[in-house]
Amino acid sequence: MKTATQQDAAIDAKPGGPEQVRRSEPFGNVSTYGRLLAPAVTRPVAVFEVITGMALAVAIAWLLRPGDPLLIGLGFPWMWVVALVMALRYGALLGVVAGLVLAGVWYGLYGQHGEPFPAMFFVGGFTMIVVGGHFCDIWGNRATRARGINTYLNDRLVAITNNHYLLRVSHERLERDLLTKPSTMRDAITRLRELTASDEASAAGEPLPNAQPMLEFAALTCQIEVASVFPVRLGRLVPTAVACVGEAFSPVESDPLVQTCLRERTLAHVRDDVTAGEGSAYIVCAPLTDTEGNLNGMLIVRRMSFLALNHDNLQLLLVLLAYYADGVAQQGVVASVRDEVPSVPYDFALELGRLARMKRQSGIQSSLVALVFPRGASGDSLFEQTVRSRRALDALWIQSTPRQQIAIALMPITDDNGIDGYLIRIENALRQQYGLDFQSGHVAVHSASVDERAPGEGLGKLLERCRNHA
């Protein structure tokens, strides 16, 4: 049973699409035996596993050589190979625990017979497992940082994919019916962004803030006559509507289109599934799903224009609902920054919140760099050249006052060395273009690391430093 168009499936199947990001292997394409030998994370029972594993290895060796369970007389320290595997699996600390198990076995089975302690046997073994365990710890930390960076880049790739699809739909509709459409896609995005970023709705604690104006706007854009928005909690449809246009109605959760939408979390309509549509009282059931795959609500349409029931219009409706749902999920991130700096743009605040979260979770540093240019012919030229020279990955916020212009660059995955390289590149470009550097051009430079606990407060302090610059 198909409830999503082939074009949606193709978009989700693209590299970096939402479905592929959610289902991708976070630790690479590792086999079952590989994960058994080298687990991705250390479990709380690791100490028990180390002690049990070493005891089992000693027991097997004792069965093979009852008089030499540590295999000291074979000429090669085979028992230390087992301890090395434990160190490579769990790290240096638990590798030392494995070595202490061997030392305890020697004192229990060899020391009672008065044999001299094999100092070099144990010194060499402990040195080997410490080196191997240190190798494990270093590469484990590097893998954690790499996973954090990949997660962030996957989020950016999903956002770019969605923005590309929005741009393509906007361009196609603009070419076909610009004169008859009440608003463009850019207007729709701006309007939905303003609705989801409303502080009043956030303070009210609504599950779907500003759903009524969103539905009215979607109804006007997609020519919907009678429809309602219902929240979804724990996979069940809440019977109380949070927004409606036209005549109010109560949902029938057993309806075939409603069940299809709840089960597959995709848009379901009568033209796409004739069998389900014959037994349904509705025309369209569209999910409000964010980028994390969470189903927050459902739009049920009972009546709409016949000519509006086409592929392009339904795709536009689905994109508008998805954009609104993403805004609701991101509302808390943006609000935490705008509480401190109300004038910050939505995209900049969202990116700052994401980078602060990445620093809290993975310790990956990102930076803020502010360049303050004086007003005037020379300062304006330097400012424009700097804006054109920004990196593609950076987010830029521009503020203008009668005395100065401020360009604040949010630089993901950039530490102090990266800031120095960025400033050197900008200064070299200004020197080649205008023969001026920061000092001779009276350009002030301010920088700060992204605050993982209070990103809005850190941005506010940086902005205050810029404004106080004479």
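Residues numbered from 1 in each chain as written. Predicted model: local features only at pLDDT ≥ 70, side-chain atom pairs only at ≥ 80, totals over all residues. Heavy atoms only, no water.

### Looking at the overall build of the protein
Then step 1. Along the backbone of the protein there are 17 helices and 10 strands.
Then step 2. Looking at the protein as a whole, 43% of its 470 residues are labelled buried.
Then step 3. Long-range contacts, defined as pairs at least 24 residues apart, comprise 67% of the intrachain contacts of the protein with a sequence gap of at least 6. (Helix = DSSP H or I, 4+ residues; strand = E, 2+ residues; numbered from the N terminus. Buried < 20%, exposed > 50% of the residue type's maximum accessible area, 1.4 Å probe, protein only. Contact = heavy atoms within 4.5 Å.)

### A closer look at helix H6 (residues 92–109)
Then step 1. Across its 18 residues, H6 extends 26 Å between first and last C-alpha, which sits within 8% of the 26 Å expected from 1.5 Å per residue.
Then step 2. For H6, the complete set of buried residues consists of Ala92, Leu94, Gly95, Ala98, Gly99, Val101, Leu102, Ala103, Val105 and Trp106. (Expected span 1.5 Å × (residues − 1).)

### Points about the packing of helix H4 (residues 46–64) against H6
Then step 1. At a closest axis distance of 10 Å, the pairing of H4 and H6 adopts a crossing angle of 40°. Accordingly, the angle class assigned to the pair H4 and H6 is oblique. Here the hand of the crossing between H4 and H6 comes out right-handed. Together, Ala46, Val47, Val50, Ile51, Met54 and Val58 of H4 and Leu94, Val97, Ala98, Val101, Leu102 and Val105 of H6 make up the contact between the two elements. (Axes fitted to C-alpha atoms, helices over the stretch in contact; angles between N-to-C directions. Parallel < 35°, antiparallel > 145°, perpendicular 65-115°, else oblique. Left-handed = near helix turned anticlockwise from the far one by under 90°.)

### A short note on the environment of Leu410
Then step 1. Residue placement: Leu410 occurs in strand S9 (residues 404–411).
Then step 2. When its relative accessible area of 0% is taken as the criterion, Leu410 is described as buried.
Then step 3. Taking the C-alpha atoms as reference, Leu410 lies 7.7 Å from Ser366; in sequence the two are 44 residues apart.
Then step 4. Apart from residues no more than four positions distant in its own chain, Leu410 is found in contact with Phe348, Glu351, Leu352, Leu355, Ser367, Leu368, Asp394, Ala395 and Val450.

### Remarks on the packing of aromatic side chains
Then step 1. One pass over the structure, following the stated rule, counts 10 aromatic pairs.
Then step 2. Judged by centre distance (5.3 Å) and plane angle (85°), the rings of Phe121 and Phe122 are edge-to-face.
Then step 3. Look at Phe121 and you get buried, because its relative accessible area is 17%.
Then step 4. Owing to a relative accessible area of 3%, Phe122 belongs among the buried residues under this scheme.
Then step 5. Taking 5.9 Å as the distance between ring centres and 65° as the angle between the ring planes, the aromatic pair formed by Phe230 and Phe249 counts as edge-to-face. (Phe/Tyr/Trp six-rings, centres within 6.5 Å; stacked < 30°, edge-to-face > 60°.)

### So, the confidence of the model for the protein
Low pLDDT marks stretches whose predicted atomic positions should not be read closely.
Then step 1. Chain-level statistics for the protein give a pLDDT mean of 79 and a share of 81% at 70 or above.
Then step 2. Low pLDDT, under 50, characterises residues 1–30; the stretch is placed with 50 contacts to residues that sit more than four places away or in other chains.
Then step 3. Note on residues 199–204: pLDDT under 50 across the span, and 5 contacts to partners over four residues away in sequence or across chains. (pLDDT = per-residue confidence, 0-100.)

### Quick word on the nonpolar core
Then step 1. Among the nonpolar cores identified, the biggest contains 37 residues, and Ile224, Val229, Val284, Leu288, Leu299, Met304 and Leu317 are the most heavily contacted of them.
Then step 2. Counting residues per element, the ones that place at least two in this core are helix H7 (119–177), helix H10 (211–222), strand S1 (224–233), strand S3 (243–245), strand S5 (284–289), strand S6 (295–304) and helix H13 (311–338).
Then step 3. The biggest single contributor to this core is H13, with 11 residues.
Then step 4. Those residues in contact with Met304, other than ones at most four positions away along the chain, are Cys222, Gln223, Ile224, Glu225, Ile283, Val284, Leu309 and Asn313.
Then step 5. If you look at the next biggest cluster of nonpolar residues, it comprises 28 residues, including Leu350, Ala444, Leu463 and Cys466. (Core = buried A, V, L, I, M, F, W, Y, C linked by side-chain atoms within 4.5 Å.)

### A look at the sheet that holds strand S7 (residues 367–374)
Then step 1. Reading across from one edge, S8-S9-S7-S10 is the order of the 4 strands in this open sheet, with antiparallel pairing throughout. In this open sheet, the two edge strands, each paired with only one partner strand, are strand S8 (395–400) and strand S10 (444–449). Along the sheet, successive strands turn relative to each other by an average axial angle of 15°, direction set aside.
Then step 2. Pairing of S7 with S9, which is carried by 8 bridges, proceeds in the antiparallel orientation. Paired with Val369 across the bridge in S9 is Ala409.
Then step 3. Relative to the sheet, helix H16 (residues 416–434) contacts S7, S9 and S10, its axis offset from that of S7 by approximately 30°. (Pairing = 2+ DSSP bridges.)

### Some remarks on the pattern of salt bridges
Then step 1. Counted by the stated rule, this structure contains 9 salt bridges.
Then step 2. Note that Glu351 is salt-bridged to Arg156, the shortest N-O span being 2.9 Å. Placement of the pair is Glu351 in helix H14 (residues 346–362) and Arg156 in helix H7, with a sequence separation of 195 residues. Comparing Glu351 with Arg156, the two get one shared label, buried.
Then step 3. The closest approach of N and O atoms between Arg236 and Glu253, which form a salt bridge, is 2.8 Å. Of this pair, Arg236 sits in strand S2 (residues 236–237) while Glu253 sits in the loop between S3 and helix H11 (256–264), and the two are 17 residues apart along the sequence. (Salt bridge = Lys/Arg side-chain N within 4 Å of Asp/Glu carboxyl O.)

### A word on the UniProt feature "transmembrane region" (unreviewed entry) in the protein
Then step 1. When the UniProt feature table is mapped to this numbering, "transmembrane region" (unreviewed entry) covers residues 45–64, 70–88, 93–111 and 117–139.
Then step 2. For residues 45–64, the end-to-end C-alpha separation is 29 Å, with 95% helix and 0% strand making up the annotated structure.
Then step 3. Secondary structure content for residues 117–139 is 91% helix and 0% strand, while the C-alpha to C-alpha distance between its ends is 35 Å. (UniProt positions renumbered as here; feature names shortened; annotations may be inferred.)

### Some details on the pairing of S9
Then step 1. With 8 of 8 residues buried, S9 is to be regarded as a mostly interior element.
Then step 2. Here S9 shows a buried face lined by Gln404, Ile406, Ile408 and Leu410 and a second buried face lined by Gln405, Ala407, Ala409 and Met411.
Then step 3. Pairing geometry for S8 and S9, over 6 bridges, is antiparallel. Opposite Gln399, over in S9, you have Ile406 as the bridge partner.
Then step 4. Here S8 hands over to S9 after 3 residues, the two strands then running antiparallel side by side.

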